[in-house]
Amino acid sequence: MNAELDRWLNGHVRPELRALQAYPVPDATGLIKLDAMENPFAWPEEILGDWLTRLRHVPLNRYPDPAARQLSARIRESWQIDERLDLLLGNGSDELIQLIAMTFSGKSRTMLTPSPGFVMYAITATTCGYRFCPVPLADDFSLDRDTILAAIEQEQPALVFIAYPNNPTGNCFDPATIRAVAHANPGLTVIDEAYAPFADHSFLSEIGTLERTILIRTFSKMGFAGLRLGVMIGEPAIVNQVNRLRTPYNINSLTQASLEFALTHRDRFDQQMFVIKQEREALRQRLRPLPGIVVYPSQANFLLIRLLEKSADDVCSALKNSGILIKNLHSQGGALTQCVRASIGTPQENSALAEAFEQAVG
Ligand SMILES: *Cc1c(COP(=O)(O)O)cnc(C)c1O
């Protein structure tokens, strides 16, 4: 019976979609979870009561506000978004990436992005029928201006995705190179600032000035991964076009109410980001002297680490035996050979990680 259904699927689903693997999420039960760039801190105890009161009054028998007007207004105010720009909210920025890709898809179109980069770009390129064109980063993970401009000239992409800071390398590319990309790209340039809360610089103030360029951000890495909210910011004509493809009630009522509430307590969450940035630097300084590893500089809430002597597989299993889950990137190959990525945790979790690392590579 299964073989029969398999044959039927082969005949009815495009081969490249049959070949896809669902995004793997390992079970972290009982482990210190440092594999997914989550904010390790819970919501501050003092605001939980008010939050629950707020949720009690959300009418769950009704559809959510399709335009999430109140939440959008809060975000506008909180991030001081220029009134000439429009906002579009997504069920995580993953949904926005998909909507953007659907909007600009078409026969023999190309999606171009620096590599190594965020895996969802490649997956979305496949699902939306793009030719995917990864442009290799330099050895130090910088984006070489001539290389990417030559690739744009040759490929004439419909879409260019640039994660700023980049995942999984953690660095920010040279802003002047990104401006040159936006200028040269005949298609849409998407600057993905998923890690903006941990970075020293943002492109937010340049949106509307850079040609054919939009910005996307997410609340996931700031402490709201479970609520699923992404934000697109751009010129109204572009945002309106993407909005036509959106399913009407993509942001649920509990997410709208919770984030609206959280933004009124923004200082508390900003404080958490501040601690995470400090912890990132402290952890990097602690790991750097270890033998046989390279700890790359990071503008995000994770560290990319290359193992020069031990294997990434061995180090990840040693860490797992010590009760810690990080991300093994080795199987992605290329520039990520023998690389692992660890999210920044609480001070206690980071100490446990550093100790386990010392044992694993020492
Ligand atoms: C995590 C991440 C996202 C997706 O975040 P959502 O949880 O879907 O909002 C998007 N882009 C990059 C570069 C990321 O690392």
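Rules used throughout
- Residues numbered from 1 in each chain as written.
- Predicted model: local features only at pLDDT ≥ 70, side-chain atom pairs only at ≥ 80, totals over all residues.
- Heavy atoms only, no water.
- Near = heavy atom within 4 Å.
- Polar contact = N/O pair within 3.5 Å; in protein donor to acceptor, adjacent residues only side chain to side chain.
- Areas by Shrake-Rupley, 256 points an atom, 1.4 Å probe, with all protein chains shown as cover.
- Nonpolar A, V, L, I, M, F, W, Y, C, P; charged D, E, K, R; others polar.
- Pairing = 2+ DSSP bridges.
- Helix = DSSP H or I, 4+ residues; strand = E, 2+ residues; numbered from the N terminus.
- Axes fitted to C-alpha atoms, helices over the stretch in contact; angles between N-to-C directions.
- Contact = heavy atoms within 4.5 Å.
- Core = buried A, V, L, I, M, F, W, Y, C linked by side-chain atoms within 4.5 Å.
- Buried < 20%, exposed > 50% of the residue type's maximum accessible area, 1.4 Å probe, protein only.
- Parallel < 35°, antiparallel > 145°, perpendicular 65-115°, else oblique.
- Left-handed = near helix turned anticlockwise from the far one by under 90°.

### Concerning the site of the ligand
Looking at the ligand, there are 13 residues lining it, with D192, Y195, T218, S220 and K221 nearest. Contacts to the ligand include K221, whose side-chain N or O atom sits 3.2 Å from an oxygen atom. Here the ligand has 390 Å² of accessible area as a free molecule, and 93% of this is covered by the chains. Of the residues belonging to the shell around the ligand, the class tally is four nonpolar, five polar and four charged.

### Concerning the sheet that holds strand β3 (residues 110–115)
What the seven strands build is an open sheet, ordered β2-β8-β7-β6-β5-β3-β4; its pairing is mixed. Two strands in the sheet have a free side with no partner beyond their single neighbour: β2 (86–90) and β4 (131–136). Neighbour-to-neighbour, the strand axes of this sheet turn through a mean angle of 20°, independent of strand direction. As paired elements, strand β7 (residues 213–218) and strand β8 (residues 230–234) share four bridges and run antiparallel to each other. By the bridge assignment, R217 is partnered in β8 with V231. Lying on the sheet, helix α4 (residues 69–79) is in contact with β2, β7 and β8; it crosses β2 at an angle near 120°.

### Considering the nonpolar core
Grouped together as the largest cluster of nonpolar side chains are 82 residues, with contacts concentrated most on I75, F219, L287, I326 and F357. Ignoring any residue separated from it by four or fewer positions in sequence, one finds L287 in contact with I293, V295, L303, I305, A354 and F357.

### With respect to the packing of α4 against helix α10 (residues 253–263)
The interhelical angle for the contact between α4 and α10, taken along N-to-C directions, is 25°, at an axis separation of 9 Å. As far as their axial angle goes, α10 and α4 are roughly parallel. Crossing angle aside, the handedness with which α4 passes α10 is left-handed. For the pair formed by α4 and α10, the contact residues are Q70, L71, R74, I75 and S78 on the first element and Q256, L259, E260 and L263 on the second. Counted by class, the contact of α4 with α10 contains four nonpolar, three polar and two charged residues.

### Focus: unusual backbone geometry
Following S115, the chain continues to P116 via a peptide bond in cis, the omega torsion being 5°. Tracing the chain through its elements places P116 in the loop between β3 and α6 (119–127). Each neighbour pair has its own omega, and for N167 with P168 the value is 15°, a cis peptide bond. Position of P168 among the secondary structure elements: in the loop between β5 (159–163) and α8 (175–184). Despite not being glycine, A68 has its phi angle at roughly 45°, a positive value. Locating A68 in the fold gives a position in the loop between α3 (45–56) and α4. On the accessibility criterion, A68 (2% relative accessible area) is buried. With a phi angle near 50°, S108 is a residue other than glycine that sits in the positive phi range. Following the sequence through the fold, S108 ends up in the loop between α5 (93–104) and β3. Taking the relative accessible area as the measure of exposure, S108 reaches 76% and is therefore exposed.

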